[in-house]
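# Geometric and topological summary
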Amino acid sequence: MNYVMIALYFIILLAIGYYAYKQSTSNLDEYMLGGRNLGPWVTALSAGASDMSGWMIMGLPGEMYSTGIAGLWIAIGLTVGAYMNYILVAPRLRVFTELTDNAITIPDFFEKRVSDQTRILKIISGLIIVIFFTLYTHAGLVSGGVLFESAFKLDYHWGLIITGAIVVLYTLFGGYLAVSLTDFFQGVIMLLSMVVVPIVAIMQLNGLATFETIADVKPSNLDLFKGTTAIGIVSALAWGLGYFGQPHIIVRFMSIKTHKLIPKARRIGISWMAVSLLGACVTGLVGIAFISQSNAKLSNPETIFIVMSQVFLHPIVAGFVLAAILAAIMSTVSSQLLVTSSALTQDFYMLLRGNNEKNRDKEFVFVGRIAVLLVAVIATLLAWSPNDTILNLIGNAWAGFGAAFGPLVLFSLYWRKLTKQGAIAGMISGALTVIIWILLKDKGGIFELYEMIPGYLVSVLMTLIISKITYKEKYDVEPLFREMKRILKST
């Protein structure tokens, strides 16, 4: 029955990809941004589904199972960060990217925001996207391989290939619209699964007394401040800082039909996120009681959601839940592939090829599809021999984007005196700090702090200092800011 549900799910995804291929791939703007014509429901659930990925259904429950309720700090940090992203970034970015000559990628927006004629800023930011998203995509494909290995007893490598092949097919042909529509569909499935699995598990164990069992296994399991450290709490909360710099999430704000729909999208998105994260956390906690009572062996804590769904649910429902896990994985991988493709096409190929001649839309869309395939192949090769947990792999890429782009996005939208030199210095210093911090993590001590924090601080300081040194009146963007505020006030 599991195979039937997964096969049906694949057919639906490919059908959506074909529909999007017919509807919205005639030019690069449509292929990469859906023609800026998405509604609040698709925008919100697409942003959520592309954000949460396999780490919410596998990584977060695994963290809760391993550390107890102290793992909830990550969920708190993410929820607050996502809400602030809708408040601080979404409306301004939607308006500003259209005012800056219809920028359709984040590097394109950065370049136009600081009037960089040298194209250096665009190239560097595009390079950062390609590097970190290839690593991010590889983490998602690892999730797919683990899912097929755990649930279907299929060889990990075959699971890797199947996951990658399906994502590539609907992303390759349908572009941004296909990714957004499938994300909406996948977001609904994910929400239902994150509600059903923990509730059914609690009912079939000992009801609310299940939490007494969890405490009996280890008292610190239900203590928010035990089982972790001050550095651990600060690090978990810092995950929320990353939202401002995640290209695959903030690009959703750029594609919504109008900034006036963002408040509705925010209410939908944050509600979806809060319920889904709570379900993931409860699943991990209940898993402690389940393993204790059943004396089952769990070789990989990040498979606790899969194991419980197969034990407690009817085969048809269990197949539905496996589809939800696959949905979480694929929604993020497809978004990452498309953003990386846009960077390779818009920020590299178009610079080399030039965009002076007319009627090149088909050529650029074709190159975008080739870029999707290329990145997927490289990410699959990296995922062939996984050497870390899903949560850690995603955490590294999340920190890289957060530190490199987060401060720059905020400065671009709120600070008139940002310069291209400051932007470049902030990006490079933030990304390098994250990489160095990861390499030194084994040293312990202060290096146990999540790499997002030092990366963010260094990026902010470098952007401020270098911008103040290099600022000249010719960088004045007051007219753009005035127009942006006028449009926002008209809401």
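How each quantity is defined
- Residues numbered from 1 in each chain as written.
- Predicted model: local features only at pLDDT ≥ 70, side-chain atom pairs only at ≥ 80, totals over all residues.
- Heavy atoms only, no water.
- Buried < 20%, exposed > 50% of the residue type's maximum accessible area, 1.4 Å probe, protein only.
- Helix = DSSP H or I, 4+ residues; strand = E, 2+ residues; numbered from the N terminus.
- Polar contact = N/O pair within 3.5 Å; in protein donor to acceptor, adjacent residues only side chain to side chain.
- Phe/Tyr/Trp six-rings, centres within 6.5 Å; stacked < 30°, edge-to-face > 60°.
- Salt bridge = Lys/Arg side-chain N within 4 Å of Asp/Glu carboxyl O.
- Axes fitted to C-alpha atoms, helices over the stretch in contact; angles between N-to-C directions.
- Parallel < 35°, antiparallel > 145°, perpendicular 65-115°, else oblique.
- Left-handed = near helix turned anticlockwise from the far one by under 90°.
- Contact = heavy atoms within 4.5 Å.
- Nonpolar A, V, L, I, M, F, W, Y, C, P; charged D, E, K, R; others polar.
- pLDDT = per-residue confidence, 0-100.

### Observations regarding helix 5 (residues 106-113)
Across the eight residues of helix 5, seven count as buried, placing the element largely inside the fold. For helix 5, the set of buried residues is I106, P107, D108, F109, F110, E111 and R113. Capping of helix 5 at its N-terminal end is provided by T105; its side-chain oxygen lies 3.1 Å from the backbone amide nitrogen of D108. Once helix 5 finishes, S115 follows within two positions and takes phi at roughly 50 degrees, a positive value.

### Topic: the packing of aromatic side chains
A complete count under the given rule lists 15 aromatic pairs for this structure. Centroid distance F96 to F481: 5.3 Å. Interplanar angle 85 degrees. Geometry classified as edge-to-face. With F96 in helix 4 (residues 72-99) and F481 in helix 18 (residues 478-489), the pair connects residues that are 385 residues apart, well separated along the chain. Exposure remark for F96: the relative accessible area of 0% places this residue in the buried category. Here the aromatic rings of F133 and F401 are separated by 4.4 Å at their centres, their planes lie at 50 degrees, and the arrangement is tilted. Of this pair, F133 sits in helix 6 (residues 120-152) while F401 is found in helix 15 (residues 390-414), placing the two residues 268 residues apart along the sequence. This pair shows no difference in class: F133 is buried, exactly as F401 is. One aromatic cluster is present, formed by F96, F109, F110, F132, F133, F401, F405 and F481 through successive ring pairs.

### Digging into the pattern of salt bridges
Per the counting criterion, the structure on display carries 11 salt bridges. Put simply, E483 and R486 hold a salt bridge, and the shortest N to O gap is 2.7 Å. You can see E483 and its partner R486 sitting in helix 18, three residues apart, about one turn around the helix. Each of D101, D108, E111, K112, R119 and K122 takes part in salt bridges that share partners, so that together they form one network.

### Comments concerning the packing of helix 5 against helix 15
For the pair helix 5 and helix 15, interaxial distance at closest approach is 11 Å and the crossing angle is 45 degrees. In terms of their interaxial angle, helix 5 and helix 15 are classed as oblique. Considering how the two elements wind past one another, helix 5 and helix 15 form a crossing that is left-handed. Every residue of helix 15 that contacts helix 5 at F109, F110 and R113 is listed here: F405, L408, V409, F411, S412 and L413. Taken together, the residues of the contact of helix 5 with helix 15 break down into seven nonpolar, one polar and one charged.

### Considering the confidence of the model for the protein
Summary statistics for the protein give a mean pLDDT of 84 and a share of 88% for residues scoring 70 or more. Averaged pLDDT values for the elements of the protein fall to 54 in helix 2 (residues 28-33) and rise to 97 in helix 17 (residues 452-470).

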